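Structure assessment
Single-letter residue listing:
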Amino acid sequence: MEAANLPRHVGIIMDGNGRWAKLRHKPRSFGHSAGMDAMIEIVKRAGEREIHYITVYALSTENLKNRPKEELDELFGLLRKYFSHHVKELYKRGAKVKVIGDKSPLPADVQKLLEDGEKNSPPDGKFTLTFAINYGSRAEIARAAESLIKSGEPVTEESLASGLYTYGLPEPDLIIRTGGEMRLSNFLLWQSAYAELYFTPVLFPDFTPDEFDKALEEYSRRTRRFGGI
Ligand code: FPP
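Anyway, here's the lowdown on the structure attached to this text. Within every chain, residues take consecutive numbers counted from 1 along the sequence as written. pLDDT decides what is reported in this predicted model: residues at 70 or higher carry local features, side-chain atom pairs at 80 or more are listed and counted, and totals for whole chains, interfaces and linings draw on all residues regardless. For side-chain calculations, the full set of non-hydrogen atoms in the structure is used, while hydrogens and water are omitted.

**Points about the site of the ligand**
Residues are labelled near a given molecule or strand when at least one of their non-hydrogen atoms is within 4 Å of it. Near the ligand, the surroundings consist of 18 residues, among which Asp-15, Gly-18, Arg-19, Arg-28 and Arg-67 are the closest. Take Asp-15: an N or O atom from its side chain is 3.0 Å from an oxygen atom of the ligand. The definition of a polar contact used here is a pair of N or O atoms within 3.5 Å, where within protein one atom must be able to donate a hydrogen and the other to accept one, and adjacent residues in sequence count solely through side-chain atom pairs. The side chain of Arg-67 places a nitrogen or oxygen atom 2.8 Å from an oxygen atom of the ligand. When isolated, the ligand has an accessible area of 630 Å², and the protein chains bury 92% of it. Runs of H or I in DSSP of at least four residues are treated as helices and runs of E of at least two as strands, each being numbered from the N terminus. Only helix H1 (17-23), helix H2 (28-48) and helix H4 (69-92) provide two or more residues apiece to the shell around the ligand. No other element matches H2, which puts 5 residues into the shell around the ligand. In this classification, Asp, Glu, Lys and Arg are treated as charged, Ala, Val, Leu, Ile, Met, Phe, Trp, Tyr, Cys and Pro as nonpolar, and every other residue, Gly included, as polar. Its residues assigned to classes, the shell around the ligand shows 8 nonpolar, 6 polar and 4 charged. The Shrake-Rupley method, run with a 1.4 Å probe, gives the accessible areas here. Residue values count only the displayed protein chains as cover.

Below, the structure written as structure tokens:
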């Protein structure tokens, strides 16, 4: 794969943990934990491939509203584990951590761990790993619009984009969704206007670095015209 044909920014909708666990007659938490392990390996591969930005959908606003408390507690437990332990290995590999979404309804200690995760990132990191947590694109756009209206600034594509959580990140070139569904589920809707979409039936815990490479290969064969000819 030519570096020139690689995406600069990849977004991943990590779907299928629950089904993966069910196939093994295990609780959903087992699937999320395996999903976290898969994510760690994908991020390493992305770093090796010199992909400069990777954004993972770890928890949507809708997940937070609609999942049973026990499952959310398990997910918060994984975030605690990740941000107090695994994150250090990531820093060593040159990752800068960013979190997008509304942290305010999360448990206070999780909020603190996420903030520390961002703050302690190496300033000269090689790539940016963004976690979308209690994130929803529509709420993000509405929030940006509201703050523009309050400020009295004219609403333009640029001014609105500068009020999004992702301000400063390039737009995603490739969005990967595992688990077989073919939709974006409120993930980076504004930012993905010209992203290439890659859907795979592979359930996220089975999404190995080699599967990730397949998505990159498919991307490298796509022709992006951005509305031109
Ligand atoms: C969707 O699968 C996945 C999630 C709601 C959570 C994604 C979280 C991880 C991969 C763990 C990440 C860990 C950290 C620390 C960021 P699903 O449960 O909806 O699967 P299903 O569609 O098969 O039920």
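**Quick look at the pairing of strand E4 (residues 127-135)**
Buried residues dominate E4, accounting for 9 of its 9 residues. A strand pair is defined by DSSP finding two or more bridges across the two strands. One ladder, built from 7 bridges, connects strand E2 (residues 53-60) with E4; its direction is parallel. Residue pairing across strands places Ser-60 opposite Tyr-135, the latter belonging to E4. The pairing of strand E3 (residues 95-100) with E4 spans 6 bridges and is classified as parallel. Paired with Lys-98 across the strands is Thr-130, a residue of E4. Each residue's exposure class comes from its accessible area (1.4 Å probe, protein chains only) as a fraction of the maximum for that residue type: buried when under 20%, exposed when over 50%, partly exposed otherwise.

**Describing the sheet that holds E4**
In any sheet, the strands associate via hydrogen bonds between backbone groups, in a parallel or an antiparallel arrangement. Within the open sheet, the 6 strands sit side by side as E3-E4-E2-E1-E5-E6. Their pairing is parallel. Looking along the sheet, the strands with just one partner apiece sit at the ends: E3 and strand E6 (196-199). In this sheet, adjacent strand axes meet at a mean angle of 20° when their direction is disregarded. Packing against the sheet, H4 makes contact with E2, E3 and E4, and its axis sits at approximately 170° to E4. Contacts from helix H8 (residues 209-221) reach strand E1 (9-13), strand E5 (174-177) and E6, with the element oriented near 140° to E5. Axis lines are fitted to C-alpha atoms, over the contacting stretch for helices. Their N-to-C directions set the angle, which ranges from 0 to 180 degrees. Any two residues whose heavy atoms approach within 4.5 Å are treated as being in contact.

**A look at the packing of aromatic side chains**
For any pair of aromatic rings, geometry is given as the distance between the ring centres together with the angle between the planes. To pair, rings of Phe, Tyr and Trp, with the six-membered ring standing in for Trp, must have centres within 6.5 Å; the planes then decide the type, stacked if under 30 degrees apart, edge-to-face if over 60, and tilted in the middle. Scanning the model with the defined rule gives 10 aromatic pairs in all. Pairing Trp-20 with Phe-30 gives two aromatic rings, centres 5.7 Å apart and planes at 25°, and the pair type is stacked. Taken together, the residues Trp-20 in helix H1 and Phe-30 in helix H2 connect sequence positions 10 residues apart. Residue Phe-30 is classed as partly exposed on the basis of its relative accessible area of 35%. Each ring, one from Phe-83 and one from Phe-131, has its centre 5.0 Å from the other, and the planes form 65°; the classification is edge-to-face. Here Phe-83 is found in helix H4, whereas its partner Phe-131 is found in strand E4, with 48 residues between them in sequence. For Phe-131, a relative accessible area of 2% translates into the label buried. One aromatic cluster is present, formed by Tyr-57, Tyr-135, Tyr-165 and Phe-187 through successive ring pairs.

**Quick look at the pattern of salt bridges**
What makes a salt bridge here is a side-chain nitrogen of Lys or Arg within 4 Å of a carboxyl oxygen of Asp or Glu, nothing more. What the rule picks out here adds up to 22 salt bridges. Between Lys-112 and Asp-116 there is a salt bridge, with the nearest N and O atoms lying 2.8 Å from each other. Here Lys-112 and its partner Asp-116 are both found in helix H5 (residues 108-119), 4 residues apart, which amounts to about one turn of the helix. Relative accessible area serves as the criterion here: at 47%, Lys-112 is assigned to the partly exposed category. What makes Asp-116 buried here is its relative accessible area of 19%. Here Arg-222 makes a salt bridge to Glu-196, at a shortest N to O gap of 2.9 Å. Placement of the pair is Arg-222 in the segment after H8 and Glu-196 in strand E6, with a sequence separation of 26 residues.

**Quick look at the environment of Ala-195**
Mapped onto the elements of the fold, Ala-195 is located in the loop between E5 and E6. Counting along the chain gives 31 residues from Ala-195 to Phe-226, while the straight-line C-alpha distance between them is 9.4 Å. Setting aside anything within four residues of it in sequence, one finds Ala-195 in contact with Pro-172, Asp-173, Leu-174, Ile-175 and Arg-224.

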